[in-house]
Structure formats: structure tokens, C-alpha cells
Amino acid sequence: MDDATARNQLKNMLAELDRSITVLRGDPAPPDGRSAADAGSDLTGADRAQAMIDVATRQRTAVLDALKRLDSGDYGTCVDCGDPVPEGRLAARPEAARCVECQSVRERRR
Ligand SMILES: [Zn+2]
């Protein structure tokens, strides 16, 4: 995947995430169709929306970081060990900052 393709994908992801975050912030009703009328008893729906916002915000940060790495020429290089991030991994997750090994080490640590 060349840089221009990666940049395009990342920009599309960013636009998509911005849209999702805006929708989630604006409408705390859960996506299962219940109306905001029972909002008083609907804390779980609001919590779920907040959890989705958190995930989307984290991913948005990862996408922005990846765009920065494209600008600085570091894109496609693992930020931990400096090895190239495999092409297939970048195709599946263009925002990936780490190779598979470093990512799994990091996730185990959490
Ligand atoms: Zn690595």
C-alpha cells in the first residue's frame, strides 16, 4: 500500500469517526430503537453511547497519529521496535502503529 492510498484511507476513517462521534454525542438514545422518552430509566443506553464515543475517540487519535507518521515519513514502521509493520496488517488496520508482536505485548500489559 503506498502512502497516498494510506492517507486516503486514513482521511476517510477520520471523516467517518468524526461523523460517528457527532451522532453519538448528539443522540444518546441507544441504537436499538428505544426513544429518548424513557431517558430517565435509560442510563445503560447513555453509558453505552459514552463507551462508543470513548472507543471512537481513541481510534480517531490513532488515525491522527498515523497521518502524522505519514507526514514525517515514519508510516509503516513499528513505533516500538522499528521493524516494518506487515503490509497485510496495514491493509486491515491503516492506523496500526505497531507490528503484531509489539501490539500483543502492549495489550497483555494492560
Ligand atoms: Zn514492533
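Cut-offs applied
Residues numbered from 1 in each chain as written. Predicted model: local features only at pLDDT ≥ 70, side-chain atom pairs only at ≥ 80, totals over all residues. Heavy atoms only, no water. Donors = N, O, S within 2.8 Å, 3.2 Å for Na, K, Ca; no water. Helix = DSSP H or I, 4+ residues; strand = E, 2+ residues; numbered from the N terminus. Buried < 20%, exposed > 50% of the residue type's maximum accessible area, 1.4 Å probe, protein only. Salt bridge = Lys/Arg side-chain N within 4 Å of Asp/Glu carboxyl O.

Novice: Which parts of the structure should I look at to understand the coordination of the zinc ion?
Specialist: Geometry reference: four tetrahedral donors at a metal, ideal angle 109.5 degrees. Six octahedral donors, ideal angles 90 or 180 degrees. With distances of 2.3 Å, the protein atoms coordinating the zinc ion are C78 (SG), C81 (SG), C99 (SG) and C102 (SG). Each donor residue of the zinc ion lies on one chain, and together they are spaced C-x2-C-x17-C-x2-C. Taken together, the residues span a long stretch of sequence, with C78 in the loop between α2 (43–72) and α3 (87–92) and C102 in helix α4 (residues 100–109) at a distance of 24 residues. Overall, the relative accessible area of 15% leaves C102 in the buried class.

Novice: Any chance you could explain the pattern of salt bridges here in plain terms?
Specialist: Opposite charge on two side chains permits pairing when their charged atoms draw close. Counted under the stated rule, the structure contains 6 salt bridges. Residue R60 is joined to D18 by a salt bridge in which the shortest nitrogen-to-oxygen separation is 2.5 Å. Taken together, the residues span a long stretch of sequence, with R60 in helix α2 and D18 in helix α1 (residues 3–26) at a distance of 42 residues. Exposure remark for R60: the relative accessible area of 27% places this residue in the partly exposed category. For R98, the salt bridge is made with D80, and the minimal N-O distance between the two is 3.0 Å. On the criterion of sequence distance, the pair formed by R98 in the loop between α3 and α4 and D80 in the loop between α2 and α3 is long-range, its members being 18 residues apart. Overall, the relative accessible area of 14% leaves R98 in the buried class. Given the relative accessible area of 47%, D80 is considered partly exposed.

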